[in-house]
Amino acid sequence: MTQPRLKFTVDDYITAPPDKRYQLLDGEMVVAPAPTDRHQAIVVRLLVALYQFIDPNGLGQVRVSPYDVFLSSHDVVQPDILFVSQARSNIITQANVQGAPDLVVEVLSATTAQYDRGYKQTLYGRSGVQEYWLVDPDSQTVEVLTSDGQLLVPCATYRRGEALVSPLLQGLAVELDTIFS
């Protein structure tokens, strides 16, 4: 007979040892290893590009991991980068984000890609994320997915030599040569 799987809750997540970076995915505590230098360089370049567009235009707030996003009693994620629009800024608290950001950016790695393209993509879609970027350092591409109301569906894939255009952030164009340099 199969034993039922124990599902951790937000309360368990909050009391987890602070010496590791965890995410809570469908009640499972998932340890997130430290990112590589390449990963961090891409995150910084994207963060700067987003901030330089969002802040002067008063569009909302940009945050970078590690920063908890509480999506359900069994799901706490730490996206690499997130954006919350000014209209929804009330979901940002001193400690975390309580609800779905408008935009989530995940930089793929060998240890996180299965979650980023699998459970987290589904979770973000059903939680109300409007736009999701999957940044692949190996292929030097960014896949942009947008919400159809319940799922995140592919919208466009951008490559080095192109400018990423965001459907959500009208007027934003991110030169991928700069991001992947």
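These remarks concern the structure in this document. (Residues numbered from 1 in each chain as written. Predicted model: local features only at pLDDT ≥ 70, side-chain atom pairs only at ≥ 80, totals over all residues. Heavy atoms only, no water.)

1. Some words on unusual backbone geometry
Here comes step 1: Going from S65 to P66, the amide bond is cis rather than trans, its omega being 0°.
Here comes step 2: Position of P66 relative to the elements: it lies in the loop between strand 3 (60-64) and strand 4 (69-72).
Here comes step 3: Even without being a glycine, D26 presents a positive backbone phi close to 55°.
Here comes step 4: For D26, the position within the fold is in the loop between strand 1 (22-25) and strand 2 (28-31).
Here comes step 5: The exposure class of D26 is partly exposed, given its relative accessible area of 28%. (Helix = DSSP H or I, 4+ residues; strand = E, 2+ residues; numbered from the N terminus. Buried < 20%, exposed > 50% of the residue type's maximum accessible area, 1.4 Å probe, protein only.)

2. What to know about the pairing of strand 9 (residues 131-136)
Here comes step 1: Judged by how many residues are buried, strand 9 sits mostly within the fold: 6 of 6 residues are covered.
Here comes step 2: Every second residue of strand 9 is oriented toward a common face, with E131, W133 and V135 on one face and Y132, L134 and D136 on the other, all of them buried.
Here comes step 3: Sheet topology note: the strand 8 (residues 103-107)/strand 9 ladder contains 5 bridges and is parallel. Bridge assignment links V107 to a residue of strand 9, and that residue is V135.
Here comes step 4: Across 6 bridges, strand 9 lies against strand 10 (residues 141-147) in antiparallel orientation. (Pairing = 2+ DSSP bridges.)

3. Topic: the sheet that holds strand 3
Here comes step 1: The strand order across the open sheet built from 6 strands is 3-6-8-9-10-11, with neighbouring strands paired in mixed fashion. The open sheet has two edge strands with one neighbour each: strand 3 and strand 11 (152-159). Neighbour to neighbour, the strand axes of the sheet diverge by 15° on average, direction disregarded.
Here comes step 2: Contacts between helix 2 (residues 37-54) and the sheet are confined to strand 3, strand 6 (81-85), strand 8 and strand 9, with strand 3 contributing the most and set at about 170° to the helix.
Here comes step 3: Its contacts with the sheet put helix 4 (residues 119-127) on strand 8, strand 9, strand 10 and strand 11, and the angle it makes with strand 9 is roughly 160°. (Axes fitted to C-alpha atoms, helices over the stretch in contact; angles between N-to-C directions. Contact = heavy atoms within 4.5 Å.)

4. Considering the pattern of salt bridges
Here comes step 1: With the rule as written, the count across this model stands at 7 salt bridges.
Here comes step 2: The residue K120 makes a salt bridge to D116 at a minimum N-O spacing of 3.4 Å. We note that K120, like D116, is buried.
Here comes step 3: For R160, the salt bridge goes to D177, with nearest N and O atoms at 3.3 Å. Taken as a pair, R160 in the loop between strand 11 and strand 12 (163-165) and D177 in helix 5 (residues 176-179) lie far apart in primary sequence, 17 residues in all.
Here comes step 4: Judged by relative accessible area, which is 38%, D177 ranks as partly exposed.
Here comes step 5: Here the salt bridges share partners, and the residues they tie into one network are E106, D116 and K120. (Salt bridge = Lys/Arg side-chain N within 4 Å of Asp/Glu carboxyl O.)

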